[in-house]
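Residue-level structure breakdown
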Protein chains: 2
Amino acid sequence: MKNNIKVQRAIHNFTQQDLADKIGVSRQTINAMEKGKYVPSTALALKLSQLFKISVNEIFELEAED
Amino acid sequence: MKNNIKVQRAIHNFTQQDLADKIGVSRQTINAMEKGKYVPSTALALKLSQLFKISVNEIFELEAED
DNA sequence: TCATAATGTAAAACAAACTTTACATTATGG
DNA sequence: CCATAATGTAAAGTTTGTTTTACATTATGA
């Protein structure tokens, strides 16, 4: 699973902490997600989608191994 | 979190078992998802999105309590 | 109607997401 | 250069997704 959260965050000029607060998770969760350390829940994905005003499919992309 | 997996499954004429096999989860996972018993991972959501050829946002919808 | 497919459900176990705490490293502005 | 903000990372613990097994109920077709 790839994602472009870091880019979206840059576009919106949010720190990891900002984003964490806005969607209600810890900063480490944001960091780990950006680093591809795990795959978030669909609820989280939809919250990012709302915040960034782009679709979940535009944020996340499946890879071969998924 | 609402979803319309059951409807999509009907459109594509899949049983819960069919769908489970196609996306690589157990039938109970499909059943529980349809029943709203839990929120799947984004990986699962993307697989459903691919299979049904519609976006994740068209399958899943956040609700007030999420 | 009878056999069988499909669905609903539940409990126990396991895997993965997510939090908390804590510290180290890297940017950035004054 | 120095202070501080931002990011990276790690370990332990909690919560939640997911599997497995098992059985009960509801549809469906012959």
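Residues numbered from 1 in each chain as written. Chains lettered and ligands numbered in written order. Predicted model: local features only at pLDDT ≥ 70, side-chain atom pairs only at ≥ 80, totals over all residues. Heavy atoms only, no water.

**With respect to the protein's contact with DNA strand C**
The line we're drawing: What makes a residue near a molecule or strand is one non-hydrogen atom of that residue sitting within 4 Å of it. N or O atoms closer than or at 3.5 Å make up a polar contact, with two conditions inside protein: a donor-capable atom paired with an acceptor-capable one, and, for residues adjacent in sequence, both atoms drawn from side chains. Secondary structure counts use DSSP, requiring at least four H or I residues in a row for a helix and at least two E residues in a row for a strand, with both numbered from the N terminus. Nonpolar residues are Ala, Val, Leu, Ile, Met, Phe, Trp, Tyr, Cys and Pro. Charged residues are Asp, Glu, Lys and Arg, and all others, Gly as well, are polar.
Residues in contact with DNA strand C amount to 19 residues; listed here are only the nearest, Q28 and T29 of chain A together with Q16, R27 and N31 of chain B. Here, DNA strand C places atoms within 4 Å of the protein, and 60% of those atoms are sugar or phosphate. Between S26 of chain A and DNA strand C, the recorded distance is 2.9 Å, taken from a backbone N or O atom to a phosphate oxygen. A distance of 2.7 Å separates a base oxygen of DNA strand C from a polar side-chain atom of Q28 of chain A. Secondary-structure elements contributing two or more residues to the surface near DNA strand C are α3 (27-34) of chain A together with α1 (5-11) and α3 (27-34) of chain B. Classifying every residue of the surface near DNA strand C by side-chain character gives five nonpolar, nine polar and five charged.

**Thoughts on the pattern of salt bridges**
Residues and elements named next belong to chain A. Heads up, the rule is: Whenever Lys or Arg places a side-chain nitrogen within 4 Å of a carboxyl oxygen from Asp or Glu, that contact is recorded as a salt bridge.
All chains considered together, the criterion is met by four salt bridges over all chains. K2 is the salt-bridge partner of E61, the closest N and O atoms lying 3.9 Å from each other. Here K2 lies in strand β1 (residues 2-3) and E61 lies in strand β2 (residues 60-61), a separation of 59 residues in the sequence.

**Some words on the confidence of the model for chain A**
Should the pLDDT be low somewhere, the predicted coordinates at that spot are not to be read in detail. The following threshold applies: Every residue gets a pLDDT, meaning the predictor's confidence in that residue, from 0 to 100.
Scored by pLDDT, chain A comes out at a mean of 96, with 100% of its residues at no less than 70. By mean pLDDT, β1 of chain A is the weakest element of chain A at 95, and helix α5 (residues 56-59) of chain A is the strongest at 98.

**Describing the environment of R9 of chain A**
Applicable threshold: Note on contacts: a residue pair is in contact if any heavy atoms of the two residues lie within 4.5 Å.
Within the element layout of this structure, R9 of chain A appears in helix α1 (residues 5-11). Other than its neighbours up to four places away in sequence, R9 of chain A contacts F14, T15, Q16, L19, E34 and F52 of chain A.

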